[in-house]
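Remarks on the overall topology
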Amino acid sequence: MRLYPTLIIDALKHVNHPATGKNIVEMGIVEDNIRIEGNKVSFSLILKSTDPLAKSLVKASETAILTYVGSDIDIKGNISIKNPEQPTVTQEEPLKGVKCKIAVSSGKGGVGKSTVTSNLAVSLAKMGYKVGLLDADIFGPSIPKMFGIEDAVPYANEKGLILPIEKYGIKILSIGFFVNTQSAIVWRGAMASGAIKQMLTEADWGELDYLLIDLPPGTSDIHLTVVQTIKLNGAIVVSTPQQVALADAVRGIDMFQNDKINVPVLGLVENMAWFTPKELPENKYYILGRGGVEKLANERDLPLLGQVPIVQSICDGGDTGVPVSMTENITAKAFDEIAEKIAKKY
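Below is a summary of the structure that appears in this document. (Residues numbered from 1 in each chain as written. Predicted model: local features only at pLDDT ≥ 70, side-chain atom pairs only at ≥ 80, totals over all residues. Heavy atoms only, no water.)

1. So, the packing of aromatic side chains
Under the criterion given, the structure shown has four aromatic pairs. Ring plane angle 90° and centroid distance 5.2 Å describe the contact between Tyr-129 and Tyr-210, whose orientation is recorded as edge-to-face. With Tyr-129 in the loop between helix 3 (113–126) and strand 5 (131–135) and Tyr-210 in strand 8 (residues 208–214), this pair connects stretches of sequence that are 81 residues apart. On the accessibility criterion, Tyr-210 (2% relative accessible area) is buried. Here Trp-274 and Tyr-286 contribute two aromatic rings whose centre-to-centre distance is 6.1 Å and whose plane-to-plane angle is 65°, an arrangement assigned as edge-to-face. A residue pair is termed long-range when its members are at least 10 positions apart, and Trp-274 in strand 10 (residues 265–275) and Tyr-286 in the loop between strand 10 and helix 8 (292–299) qualify at twelve residues. The class for Trp-274 is buried, based on a relative accessible area of 12%. It is Lys-284 that lies over the ring of Trp-274; its NZ or CZ is 4.1 Å from the centre. (Phe/Tyr/Trp six-rings, centres within 6.5 Å; stacked < 30°, edge-to-face > 60°. Helix = DSSP H or I, 4+ residues; strand = E, 2+ residues; numbered from the N terminus. Buried < 20%, exposed > 50% of the residue type's maximum accessible area, 1.4 Å probe, protein only. Lys NZ or Arg CZ within 6 Å of the ring centre and 35° of its normal.)

This is the structure we're talking about:
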């Protein structure tokens, strides 16, 4: 049986705190640091050191997991007590071996942000750079499918660090490797943020020239978690030419340029810029509008990194696990040109 954090959480809902009658999940006693390594499960309970029920709650939690998840779960001795009064220990900057960390963002969903991220990673790898790709789109992880690695299962090395899956020379991590993607991921913000932190700081990314981070659409806790956990070198904002998409893109740009976040926006990418039929490769049909992202880039004094056309091969590549940048056509060329501009900046 494959274990998921939601199975552990559901089991712990059967453990009530005698003083309140509420379950420990509802009370916020279970910290968002659940780790699963094979059949071994570990996490912390947030309890004051003076709580006389601490040991009994640990025992009850062990029993609940063995009863409701599986009798073969390695849980004994793996539940620690974290005192909320203890000061936070400052850790050193994570990802020291990564030269350039770039977030790829979009103001709204459906503009092809993950497609852009995947193909830029492939284009950079083709140029000889060491590239990593983190799928931080917690509630809609699509990177595993785009690379044809949906069934991959990351393992930990001897230091307990998660080893990313490698495909096309790119190191890849996604929440999709750890959850059942056939079911909706219903997590509170703190749990989603905890998962992102773990993939950033508890993974063996090694030495990389570029780490691309595919953020969820919009602005959310995940964005704040990323910028608070690591120092980003910059962000790329993806949009289609549609006015509704451009309005959301403006909010995405403002988020990164906010004084509290202050991440440089490297430029904009216009996806689905025009449609070119395979049999008429010289023709361009501007079915979503024309030049909207270029106009926005000029208004905000930001570079237009590139315009990516719609062609059938980009859809086929995403469905078959072979990103279009692995081929030779006008779309692959567009991604290669964007990658070259990024490489010149960093």
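Past the structure itself, the notes keep going.
2. Here we look at the pairing of strand 2 (residues 40–46)
For a regular strand, the rule is simple: side chains alternate between the two faces of the sheet. Direction of pairing for strand 1 (residues 35–37) relative to strand 2: antiparallel, over a ladder of three bridges. Paired with Glu-37 across the two strands is Lys-40, which belongs to strand 2. Between strand 1 and strand 2, which follow one another and run antiparallel, lie two residues, and Gly-38 among them has a positive phi close to 65°. Looking at chain direction, strand 2 and strand 3 (residues 79–82) are connected through four bridges and run parallel. Across the sheet, Leu-45 pairs through a bridge with Ile-81, a residue of strand 3. (Pairing = 2+ DSSP bridges.)

Honestly, that's just the spatial picture; any functional story needs more than this.
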